[in-house]
Amino acid sequence: MNIPIHHCNKAIDHFTAAAYVKTLINFYVKANLGAVPNSPKSCAMTYELDYYQQILSAITSDIQDNLEEENLFDDIKLEALRIKQRIDCYSPSDTHDQKANIHYQLGCLSRFSIIVEAARSTAANREKLSTLNLLIENTEDIVNHILQHYPNEFDFRIRVTRYRVQNYIKNSGDKINLLTNALQSNQINSSIQEIIKTIISPNPDHNLTFQQLTYTQYFLREISQPTISDPSDWQITKILIAHNYNARQFGIYLINLLKTKQSEATSITEQYRILIQLKKDLAQIIQHNNPPYFPDLPDIKETLLNTIQSELDFMKEIDFLNAELINSGLLESTYKIGISVKQLGFLIYLCMDCGIITEKKAKSVHQYIISHVTTKEKEQISEKSFSNGYYVHLPEDIRKISELLAKMLALAQKLY
């Protein structure tokens, strides 16, 4: 049989002798002519993209006319099939197992794809772009073959192509739009919406890894489940924590959320209670088995629990310091006032009703008052007696407080 080497004759000067020999070896394999004499042993990890590299070199060197368009598309597809067969037939050795070969081939495919995509962005004509598109499609097909048949050996750290990310966005467009609209209609916090958008609609120009794209696809399926109805900020936040989305942007949002909740507390006791409740809620979140979005960053749930624990420890230290100051007489633990418990209860009622005290929970205010105030009648105010004064207003208590307020008003008008 005559070997049809005319495909390479016009461009032979542009390729190395080794690459030319490789092309002939490829022909033998494609033509099913059997083993090639002195061919590499099957256990050796070999670079399988020489033929694709030749096509790419011809395109980028403006010698595409040397490539015969009639059979080129079929040749590229046949070469992809050959490479997949070579990978499947690899025989592990003592030094290079199947996983090492898979990682090597994926690394070669990834680097080649990056070069092809760079060439696509500067392609001068339709013919070049068509050939480059075919190259990237077939290299992606090889990667898909490896992912399907060798999931345990696959290297999820390698970078995905813009082509793959764009395909994901195209195929998932309806789900992405539905989720985005649902978040907006439920008035989910804008920061949370931006975080979700970053995950489910990644920028193709960013260096996304297979692990991150796999995370994105899984996350979109999970958060789009019909069981998640009428979502809230905290519900979406818990879903993100359960999926270990450990981006710094999300970490900053959680820290700010923690600070906001603490600032709403009216006392140290209330702050402590809020932190304890948050710690309990976080501890009960069951995380998924999928790896974190950023493998090099710490676990988001563990980070938040550590942050809360540090706040609790700090508050304990402050409480201990206050106790020491009180015991030494340098700090008063309570403040004495000149009205009765019932009159104090009515005064606090007026302050809350008029908006002077903005705390909405009456019980929280009651607990703060009885912890920090004593009256001329009692050194220790009970919550029951204070609540009676707050809710039951006797005429004599109303008259006494009215006189005090009138006196205060007269003083204010005089100063004004």
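Coordinates for the structure precede this section.
Quantities reported herein were computed from a predicted structural model and do not represent experimental measurements. The residue count restarts for each chain, going from 1 along the sequence in the order it is written. Totals for whole chains, interfaces and linings use all residues, but because this is a predicted model, local features are given only for residues with pLDDT of at least 70 and pairs of side-chain atoms are given and counted only at 80 or more. Based on all heavy atoms of the structure, the side-chain values leave hydrogens and waters out of the count.

A.B. asks: I'd like to hear about the pattern of salt bridges, residue by residue, with values.
C.D. replies: By salt bridge we mean one thing: a side-chain nitrogen of Lys or Arg within 4 Å of a carboxyl oxygen of Asp or Glu. Enumeration over the complete set of coordinates arrives at 10 salt bridges. One salt bridge in this structure joins Arg82 and Glu79, with 2.9 Å as the shortest N-O distance. Taken together, the positions of Arg82 and Glu79, both in helix 4 (residues 69-88) and 3 residues apart, correspond to about one turn of that helix. With a relative accessible area of 0%, Glu79 lands in the buried category. The partner of Glu140 in a salt bridge is Arg164, with the nearest N and O atoms 2.7 Å apart. Remark: Arg164 occurs in helix 7 (residues 162-171) and Glu140 occurs in helix 6 (residues 126-149); sequence separation between them is 24 residues. Glu140 sits in the buried class, given a relative accessible area of 6%. Think of it this way: any DSSP run of H or I at least four residues long counts as a helix, any run of E at least two long counts as a strand, and we number them from the N terminus. Working definition: with a 1.4 Å probe on protein chains only, accessible area under 20% of the residue-type maximum means buried, over 50% means exposed, and in between means partly exposed.

A.B. asks: With reference to specific residues and values, describe the nonpolar core.
C.D. replies: Buried Ala, Val, Leu, Ile, Met, Phe, Trp, Tyr and Cys residues form a nonpolar core when they are joined through side-chain atoms within 4.5 Å. Counting residues in hydrophobic clusters, the biggest one holds 70 residues, and the most contacted among them are Tyr52, Ile196, Leu240 and Phe250. Contact partners of Tyr52, with chain neighbours within four places excluded, come to Ile76, Glu79, Ala80, Ile83, Phe112, Leu135, Asn138, Thr139 and Ile142. The next biggest cluster of nonpolar side chains, apart from the first, holds 15 residues, and it includes Val365, Ile369, Phe386 and Ile401. Residue contacts follow a heavy-atom distance rule, with two residues in contact if any of their heavy atoms lie within 4.5 Å.

A.B. asks: An account of unusual backbone geometry is requested, with residue identities and associated values reported.
C.D. replies: In this model, Gln187 sits at a positive phi of 55°, which is unusual for a non-glycine residue. If you trace the backbone, Gln187 turns up in the loop between helix 8 (173-185) and helix 9 (190-200). Classification of Gln187 as exposed rests on a relative accessible area of 69%. Of note, the phi angle at Asn244 is positive, near 55°, even though the residue is not glycine.

A.B. asks: Describe in detail the packing of helix 15 (residues 341-353) against helix 18 (residues 395-415), supporting the description with residues and values.
C.D. replies: Helix-helix packing: each pair is described by the crossing angle between the helix axes and the interaxial distance. For the pair helix 15 and helix 18, the least separation of the axes is 9 Å and the interaxial angle reads 60°. Here helix 18 runs oblique to helix 15, going by the angle between their axes. Judged by the twist between their axes, the crossing of helix 15 over helix 18 is right-handed. Residue-level inspection shows Lys342, Gln343, Phe346, Leu347 and Leu350 of helix 15 in contact with helix 18, the latter providing Asp397, Ile398, Lys400, Ile401 and Leu405. Under the scheme applied here, ten amino acids are nonpolar (Ala, Val, Leu, Ile, Met, Phe, Trp, Tyr, Cys and Pro), four are charged (Asp, Glu, Lys and Arg), and all others, including Gly, are polar. Residue composition of the contact of helix 15 with helix 18, grouped by class: 6 nonpolar, 1 polar and 3 charged. Here, axes are lines fitted to C-alpha atoms. For helices the fit covers the stretch in contact, and angles between N-to-C directions go from 0 to 180 degrees. If an angle is under 35 degrees, it is roughly parallel; if it is over 145, roughly antiparallel; if it lies from 65 to 115, roughly perpendicular; otherwise it is oblique. Rotating anticlockwise by less than a right angle from the far helix to the near helix defines a left-handed crossing, while the corresponding clockwise rotation defines a right-handed one.

A.B. asks: Outline the packing of helix 15 against helix 16 (residues 362-372), listing residues and values.
C.D. replies: Taken N-terminus to C-terminus, the directions of helix 15 and helix 16 make an angle of 135°; their axes are 12 Å apart at the nearest point. The angle between helix 15 and helix 16 falls in the class oblique. Taken as a pair, helix 15 and helix 16 cross one another with a handedness that is right-handed. Together, Leu344, Ile348 and Met352 of helix 15 and Ala362, Val365 and Ile369 of helix 16 make up the contact between the two elements. Residue composition of the contact of helix 15 with helix 16, grouped by class: 6 nonpolar, no polar and no charged.

A.B. asks: Kindly report on helix 17 (residues 383-391), identifying the contributing residues and their values.
C.D. replies: Those residues of helix 17 that fall on the buried side of the exposure criterion are Ser385, Phe386, Ser387, Gly389 and Tyr390. The elements touched by buried residues of helix 17 are helix 15 and helix 16.

A.B. asks: So what's going on with the side chain of Asn101? Which residues, and what values?
C.D. replies: Among the structural elements, Asn101 can be located in helix 5 (residues 98-121). Judged by its relative accessible area of 3%, Asn101 is buried. When neighbours within four sequence positions are excluded, Asn101 is seen to be in contact with Met45 and Tyr90.

It is worth stressing that arrangement in space is one thing and function is another; only the former is reported here.
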